[in-house]
Amino acid sequence: MTNEEECLDRHKRGDGFVRTLVMPDDLPDGHFVGYTVDSQLRNGRDALIATFVAAWVDPLTTRQLTLTCIDTTSWPTERLRYDVQFTRTSDAFPISTETVFIQIDRDETRPV
């Protein structure tokens, strides 16, 4: 199994996108206090598809992070990718998660 297959997620175009990410157990509570969080969705040609709203469930513990995009109607039906970048505010030091590959599928139930 390739790394791409291990990270493959699926989403229906047009449905609201929400993912909750849980930080690894080996990181202490509050590890990411003082970091900004950004996440973008891109296609295989590196074109920007969406910028997610990234927000901590609890900004004091920084244990869970939600990525949200309300309108996905313009997302192409293909394999896309995203990661999350944490940037330390004191010195702009960035740390990124592994890349997640997501297959966008056509929604079968649509307005008539």
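As a reminder, the structure under discussion sits directly above these lines.
Draft legend 1. Expanded view of the overall build of the protein chain. Helix and strand counts for the protein chain come out as 1 helix and 9 strands. When the helices and strands of the protein chain are listed from N to C terminus, the series reads α-β-β-β-β-β-β-β-β-β. A principal-axis box enclosing the C-alpha atoms of the protein chain has dimensions of 50 × 30 × 25 Å. Sorting the 112 residues of the protein chain into buried and exposed places 29% on the buried side.

Draft legend 2. Seen up close, the environment of Leu48. On the secondary structure map, Leu48 appears in strand β4 (residues 48-51). You can call Leu48 partly exposed: its relative accessible area is 43%. Separated by 34 residues in the primary sequence, Leu48 and Tyr82 place their C-alpha atoms 10.0 Å from one another. Not counting residues up to four positions away in its chain, the partners in contact with Leu48 are Gln40, Leu41 and Arg42.

Draft legend 3. Layout of the pairing of strand β3 (residues 35-42). In β3, alternate side chains face the same way, and those of Tyr35, Val37, Ser39 and Leu41 are buried while those of Thr36, Asp38, Gln40 and Arg42 on the opposite face are not. As judged from the 8 bridges shared by β3 and strand β7 (residues 79-88), these two strands associate in the antiparallel manner. Paired with Asp38 across the two strands is Gln85, which belongs to β7. What sits between β3 and β4 in their antiparallel hairpin is a turn of 5 residues, with Asp46 showing a positive phi close to 70 degrees.

Draft legend 4. Inspection of the packing of aromatic side chains at higher detail. Under the definition given, this model contains 9 aromatic pairs. With a centroid separation of 5.1 Å and an interplanar angle of 80 degrees, the aromatic rings of Phe32 and Tyr35 are classed as edge-to-face. Three or more aromatic residues joined by ring pairs make a cluster, and in this case those are Phe17, Phe52, Trp75 and Tyr82.

Draft legend 5. Structural context of the pattern of salt bridges. Tallied over the full model, the rule gives 7 salt bridges. One salt bridge in this structure joins Arg63 and Asp29, with 3.5 Å as the shortest N-O distance. Within this pair, whereas Arg63 is found in the loop between β5 (53-56) and β6 (64-69), its partner Asp29 is found in the loop between β2 (17-22) and β3, the two being separated by 34 residues in sequence. The exposure class assigned to Arg63 is buried, which follows from its relative accessible area of 17%. Ionic pairing is found between Arg106 and Glu108, a salt bridge with its closest N-O pair at 3.3 Å. Arg106 sits in the partly exposed class, given a relative accessible area of 47%.

About the cut-offs
- In this numbering scheme, every chain counts its residues from 1 along its sequence in written order.
- Local features in this predicted model are restricted to residues of pLDDT 70 or higher, and side-chain atom pairs are both shown and tallied only at a pLDDT of 80 or more, whereas totals for entire chains, interfaces and linings draw on every residue.
- Side-chain figures throughout are based on the complete set of non-hydrogen atoms in the structure, without hydrogens or water.
- Going along the chain from the N terminus, every DSSP run of H or I of four or more residues is numbered as a helix, and every run of E of two or more is numbered as a strand.
- Residue burial is assigned from relative accessible area. The probe radius is 1.4 Å, only protein chains are included, and a residue is buried under 20% of its type maximum, exposed over 50%, and partly exposed in between.
- The criterion used for residue contact is that any of the two residues' heavy atoms lie within 4.5 Å.
- Pairing between strands requires that DSSP locate at least two bridges from one strand to the other.
- Classification of ring pairs uses Phe, Tyr and Trp, with its six-membered ring standing for Trp, and accepts pairs whose centres are within 6.5 Å; under 30 degrees between planes counts as stacked, over 60 as edge-to-face, and the remaining range as tilted.
- Salt bridge, as applied in this entry: a Lys or Arg side-chain nitrogen positioned within 4 Å of an Asp or Glu carboxyl oxygen.

In short, the description is geometric, and any link to function would need to be established separately.
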